[in-house]
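Listed below are the residues making up each chain.
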Amino acid sequence: MSIGANIRRLREEKGFTQEKIADELDVSFQAVSSWERDEYKPDIDKLLKLAEVFDVSVSALAEEKRKVFKTRDTIYDWEHMKTYVKTTARNFQMPDTLKAVDFAVAAHEGQKRKRSDTPYIYHPLNMACHALSMGIKEDAVIAALLLHDVIEDCNKTESDLPVGEEAKRIVVLVTHKKTTDADREAVMVSYYDAIAANTKAALVKCIDRCNNLTTMSWGLSRERIYRMITETEKYYPELLKAVKSTTEYGDAAWLLQYQMESMLDIYKRLM
């Protein structure tokens, strides 16, 4: 497809009028119309702004031939993952994990992942399965993975958590506090420093980041994707270093670093 055809397609998919696009870019609607008819092409600054408005990459606008791939928001069924986690917890005598599974499912009931119809519980269950597949079968770690968002997103408190003190401590450490533009930097530095000081919290947070990176292409705006890339490069090397400091997490640290860095590189190239 031509640039003009791409602009029109994306505009119609978003339900925007030519006037709406014109207002966003501070041009006339006649200019937008001329772009869509391929009479003229937008300047590079307008092309960049169009990419922001449509929440796509510049290449998605400039690509002459549209390549269509089938995509999906999930790979595994969350109920199957729940069964796997509970079965593993019983086999390896992990009482906190058994309690955490049902608590997390109930706490996240009705919640969806950003910009999708995927039940939110898919995220913590996927993280737990990720850890188990790397050979991590520590009760406090798996329980914390399952509960890592319930204080932040489900109006739960530390005392509500049906697990032991170690798992509670990890959940509290990875719970993100609200920030403003004025205090964000200071809050983030303090937040990540505290996590880096606790190896298991660092492990949980790295698994969380890997999972979030896999979904940010459809779950986040372009602005948030840029912020996620910047934040990952700034704070996660120290967390990975903390994970590597524990011998039994060596294999996991290698896999997590590889996944994070390879995904970041892919996003940078596509954006």
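Look up: the structure comes first, before these words.
Residues numbered from 1 in each chain as written. Predicted model: local features only at pLDDT ≥ 70, side-chain atom pairs only at ≥ 80, totals over all residues. Heavy atoms only, no water.

### Quick look at the overall build of the protein chain
Selection criterion: A run of DSSP states H or I qualifies as a helix once it reaches four residues; a run of E qualifies as a strand once it reaches two. Both are numbered from the N-terminal end. By definition, residues are in contact when any of their heavy atoms lie within 4.5 Å. The protein chains shown are the only cover counted for residues, whose accessible areas, like all others here, come from Shrake-Rupley with a 1.4 Å probe. None of His or the chain ends enter the tally, which takes Lys and Arg as positive and Asp and Glu as negative. By convention, the point assigned to a charge is CZ for Arg, NZ for Lys, CD for Glu and CG for Asp.
For the protein chain, the count of helices and strands is 15 helices and zero strands. Dimensions of the protein chain along its principal axes, counting C-alpha atoms only, are 70 × 35 × 35 Å. The long-range fraction of contacts in the protein chain, counting pairs at least 24 apart against all pairs at least 6 apart in sequence, stands at 67%. When the accessible surface of the protein chain is totalled, it reaches about 14,700 Å², and 50% of it is carbon and sulfur. Considering the protein chain, the positive charge centre built from 40 side chains and the negative charge centre built from 44 side chains are found 3 Å apart.

### A few points about the layout of surface pockets
Rules: Definitions used for this entry: grid spacing 1 Å over protein atoms alone; cavity, a set of points where a 1.4 Å probe fits but cannot get out; pocket, an open set with protein on both sides within 12 Å along at least 5 of 7 lines; lining residue, one with an atom within 4 Å of a point. Grid points are joined across faces, edges and corners, and a volume is the space filled by probe spheres set on the points. Classification convention: Asp, Glu, Lys, Arg as charged; Ala, Val, Leu, Ile, Met, Phe, Trp, Tyr, Cys, Pro as nonpolar; all other residues, Gly among them, as polar.
One number sums up the size of the second largest pocket: a volume of about 850 Å³. Considering the residues around the second largest pocket, the lining is formed by 32 residues, among which K114, E152, H176, N212 and R224 are closest to the centre. If you list the elements that add at least two residues to the lining of the second largest pocket, you get helix 10 (150–153), helix 12 (184–196), helix 13 (199–219) and helix 14 (222–244). Top element by residues in the lining of the second largest pocket is helix 13. It accounts for nine residues. Considering only residue class, the lining of the second largest pocket consists of 10 nonpolar, seven polar and 15 charged.

### A word on the packing of helix 9 (residues 139–147) against helix 11 (residues 165–174)
Put simply, the rule reads: Axes here refer to lines fitted to C-alpha atoms; in helices the fit is confined to the stretch in contact. Angles between the N-to-C directions go from 0 to 180 degrees. An angle counts as roughly parallel when it lies under 35 degrees, as roughly antiparallel when it exceeds 145, as roughly perpendicular when it falls between 65 and 115, and as oblique in every other case. In a left-handed crossing the near helix is turned counterclockwise from the far helix by less than a right angle, and in a right-handed crossing that turn is clockwise.
Taken N-terminus to C-terminus, the directions of helix 9 and helix 11 make an angle of 40°; their axes are 8 Å apart at the nearest point. The orientation of helix 9 relative to helix 11 falls into the category oblique. Relative to helix 11, the crossing made by helix 9 is right-handed. Contacts from A140, A143, A144 and L147 of helix 9 reach helix 11 at E166, A167, I170 and V171. Residues belonging to the contact of helix 9 with helix 11 are distributed by class as follows: seven nonpolar, no polar and one charged.

### What about the packing of aromatic side chains?
This is how it is decided: Two rings belonging to Phe, Tyr or Trp (six-membered ring only in the last case) form a pair when the distance between their centres is within 6.5 Å. Interplanar angles under 30 degrees mark stacking, angles over 60 mark edge-to-face geometry, and anything in between is tilted. Partly exposed describes any residue whose relative accessible area lies between the buried limit of under 20% and the exposed limit of over 50%, with all areas from a 1.4 Å probe on protein chains only and scaled to the type maximum. For a lysine, the NZ atom is tested; for an arginine, the CZ atom; a charge sits over a ring if that atom is within 6 Å of the ring centre and within 35 degrees of the ring normal.
Tallied over the full model, the rule gives four aromatic pairs. For the pair Y191 and Y192, a centre-to-centre distance of 5.0 Å together with 70° between the ring planes defines the contact as edge-to-face. Of the two residues examined, Y191 and Y192, each falls in the buried class. With a centroid separation of 5.7 Å and 5° between ring planes, the pair formed by W254 and Y258 is classed as stacked. One end of the pair is W254 and the other is Y258, both in helix 15 (residues 250–270) and four residues apart, which spans about a single turn. Take Y258: its relative accessible area is 54%, and that puts it in the exposed class. Members of the aromatic cluster, connected to one another through ring pairs, are Y191, Y192, Y235 and Y236. The ring of Y120 is capped by R113, whose NZ or CZ atom sits 5.4 Å from the centre of that ring. In this structure, K137 is placed above the aromatic ring of F92, and the distance from its NZ or CZ to the ring centre is 5.3 Å.

In short, geometric facts, not functional conclusions.
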